[in-house]
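Examining the three-dimensional arrangement
These are the residues of each chain, in order.
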Amino acid sequence: MDKRAGNIVLYGMILGAVFGVVGGYYFVGLFESISFLGTMFLNALKMVVVPLIMASMIVGVASLGNVGKLGRTAGKTILYYLVTTGVSVFIGLVVVNLFRPGDGVEAFGAFIPDLVADSKEKTLIDVLVGLIPPNIFAAAAETRVLPLIVFSLLFGGVLVSIGEKGKPVLAFFEGVNTAIMKLVTLIIYFAPVGVMALIGGIVAKNRETLDQLASGLGWYALTVIVGLAVHAVVILPLLLWFFGKKRPLKYFVNMGQALTTAFTTASSSATLPITMESVEEKNKIDPRAASFVLPLGATINMDGTALYEAVAAMFIAQIYGIDLSVGQQMIVFLTATLASVGAAGIPHAGTVTMVFVLAAVGLPLEGIGLIWAIDWFLDRCRTTVNVWGDSIGAAVIAQTREIKNNSCQVPD
Ligand code: ASP
């Protein structure tokens, strides 16, 4: 997509979002009836996610050339994920201790939402076991992204090692990758309407909780938002500038379509096609870094989610009048980081994995019911930060020696 068209689409998306909010609030019936357009847009994005992840990762990994480089790149990528996630949780803990949004709030209406109850038996071990899919087609059919990534990583690595025989297979996936990216560009043209319909539908549906945003839970929502803002506006841009060698404002504007989509869909995975387009085409990040860092990041690097989980857990503790010691807050720090890694890039996933955090410090799971009413909104905010963090990770990794000095493109 050329620059001019890209800008027009971006303005269209922002206008669409504004129309969606206003329209969804005042014309509930109308926006409920056109919300199917949003579903179509979301489905179009989800439609390309599986082939995109597989093709781009296989090509990206193979183009790194050898297992040693892959190992070092993977190591640096994971380090970036962990450090940024850790910093964001730390910011969350500082902000929530300063603001203390839960003090004096009544614990009325506590309950365990169905989504949470359904998966409360899950442990982090289950997440680990789930990394290896017994059936790769079943994983693809259910859009379980993490197992697909693991498979693609191994497959791409092996392809290079088998020499001549691997080349046609690699060429095939290169073709698939290019074609899918082209499809993504086409889908983006529909984004303004998709965004309007999705936001309109969600505002129409959650209209009554908007009051709660302004009142009871407002202080808590503000705490999350301030934390997210510090991380997204100060920490991440500094990293981008120092290590990624990019101008943050320009990078941010170029990410506009992806960030708007993240806010609209509340799903890092569904946003992934647009994130890849924005990072590679608009911000001109080396595809070898992007195709590796972004799919992996969309499922395991969630700065916003981790921060949110820490703030939410502390908020619940404050409501119940439970004072968590520094040691217990360390446990919140660790479990929130891990729980964000375990959360899938889909709506509300972070709220579900928060069970780990609450259980680790002995807080009642019913506390989740207290914050559930406005989760639809905070989910959007944290997903936007998640995607922003991934995109900056791609820029940072693109500057590492393995990628920069790697003249070894896909072997021919
Ligand atoms: N919705 C988030 C994402 O897709 C995950 C979460 O619930 O925090 O990035």
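This brings us to the nonpolar core. Core analysis: the biggest nonpolar cluster contains 103 residues, and Tyr220, Tyr251 and Met354 have the highest contact counts within it. The element contributing the most residues to this core is helix H21 (residues 375–398), with 13 residues. Not counting the four nearest positions on each side in its chain, Tyr251 is found in contact with Leu240, Lys246, Val279, Asn283, Ile285, Trp388, Ser391, Ile392 and Ala395. If you look at the next biggest cluster of nonpolar residues, it comprises 7 residues, including Val59, Leu159, Leu170 and Phe173.

Along the chain, Gln318 falls in helix H17 (residues 303–319). Given a relative accessible area of 7%, Gln318 falls into the buried group.

Every one of the 16 residues lining the ligand counts as a neighbour, but Ser268, Thr305, Gly350, Asp379 and Arg382 are closest to it. Within the backbone of Ala349, an N or O atom sits 3.0 Å from an oxygen atom of the ligand. Taking Thr383, its side chain carries an N or O atom lying 3.1 Å from a nitrogen atom of the ligand. For the ligand, whose unbound accessible area comes to 270 Å², protein coverage reaches 100%. In this structure, the ligand is accommodated by the largest cavity. Put simply, the parts of the chain that give the shell around the ligand at least two residues each are helix H19 (349–360) and H21. For the shell around the ligand, the element with the highest residue contribution is H21, accounting for 4 residues. Tallied by class, the residues present in the shell around the ligand amount to 6 nonpolar, 8 polar and 2 charged.

This next bit is on unusual backbone geometry. Most peptide bonds take the trans configuration, and most residues that are not glycine carry a negative phi. Not every positive phi belongs to a glycine, and Ala266 is a case in point at roughly 55°. Structurally, Ala266 can be placed in the loop between helix H14 (256–265) and helix H15 (268–282). Although it is not a glycine, Lys284 sits at a positive phi angle of roughly 55°. You can see Lys284 is positioned in the loop between H15 and helix H16 (287–300). Accessibility expressed as a relative area gives 62% for Lys284, which makes it exposed.

Here the largest pocket is characterised by a volume of approximately 1200 Å³. Forming the walls of the largest pocket are 47 residues, and the residues nearest its centre are Ala343, Ala344, Gly345, Ile346 and Ala349. Contributions of two or more residues to the lining of the largest pocket are made by helix H3 (35–63), helix H6 (124–129), helix H8 (145–161), helix H10 (191–205), H15, helix H18 (326–342), H19 and H21. If one sorts the elements of the lining of the largest pocket by residue count, H19 sits on top with 5 residues. Each residue belonging to the lining of the largest pocket can be placed in one class, and the counts come to 23 nonpolar, 13 polar and 11 charged.

Right, let's get into helix H4 (residues 67–99). Here H4 contains 33 residues, and its C-alpha end-to-end distance of 47 Å stays within 8% of the 48 Å for a straight helix at 1.5 Å per residue. Taken from the residues just after H4, Arg100 is the one with a positive phi, measuring 40°.

Turning our eyes to something else, we now look at the side chain of Thr265. Tracing the backbone shows Thr265 in helix H14. Of note is the side chain of Thr265, whose polar atom sits 3.3 Å from the side chain of Thr271. Not counting chain neighbours up to four residues away, the residues in contact with Thr265 comprise Leu42, Leu45, Leu198, Thr271, Pro347 and Arg380.

Cut-off values and rules
- Residues numbered from 1 in each chain as written.
- Predicted model: local features only at pLDDT ≥ 70, side-chain atom pairs only at ≥ 80, totals over all residues.
- Heavy atoms only, no water.
- Core = buried A, V, L, I, M, F, W, Y, C linked by side-chain atoms within 4.5 Å.
- Buried < 20%, exposed > 50% of the residue type's maximum accessible area, 1.4 Å probe, protein only.
- Helix = DSSP H or I, 4+ residues; strand = E, 2+ residues; numbered from the N terminus.
- Contact = heavy atoms within 4.5 Å.
- Near = heavy atom within 4 Å.
- Polar contact = N/O pair within 3.5 Å; in protein donor to acceptor, adjacent residues only side chain to side chain.
- Areas by Shrake-Rupley, 256 points an atom, 1.4 Å probe, with all protein chains shown as cover.
- 1 Å grid on protein atoms, 1.4 Å probe; cavity = no way out; pocket = protein on both sides within 12 Å on 5 of 7 lines; lining within 4 Å.
- Sits in = over half its atoms within 2 Å of the grid points.
- Nonpolar A, V, L, I, M, F, W, Y, C, P; charged D, E, K, R; others polar.
- Points joined across faces, edges and corners; volume = space filled by probe spheres on them.
- Expected span 1.5 Å × (residues − 1).

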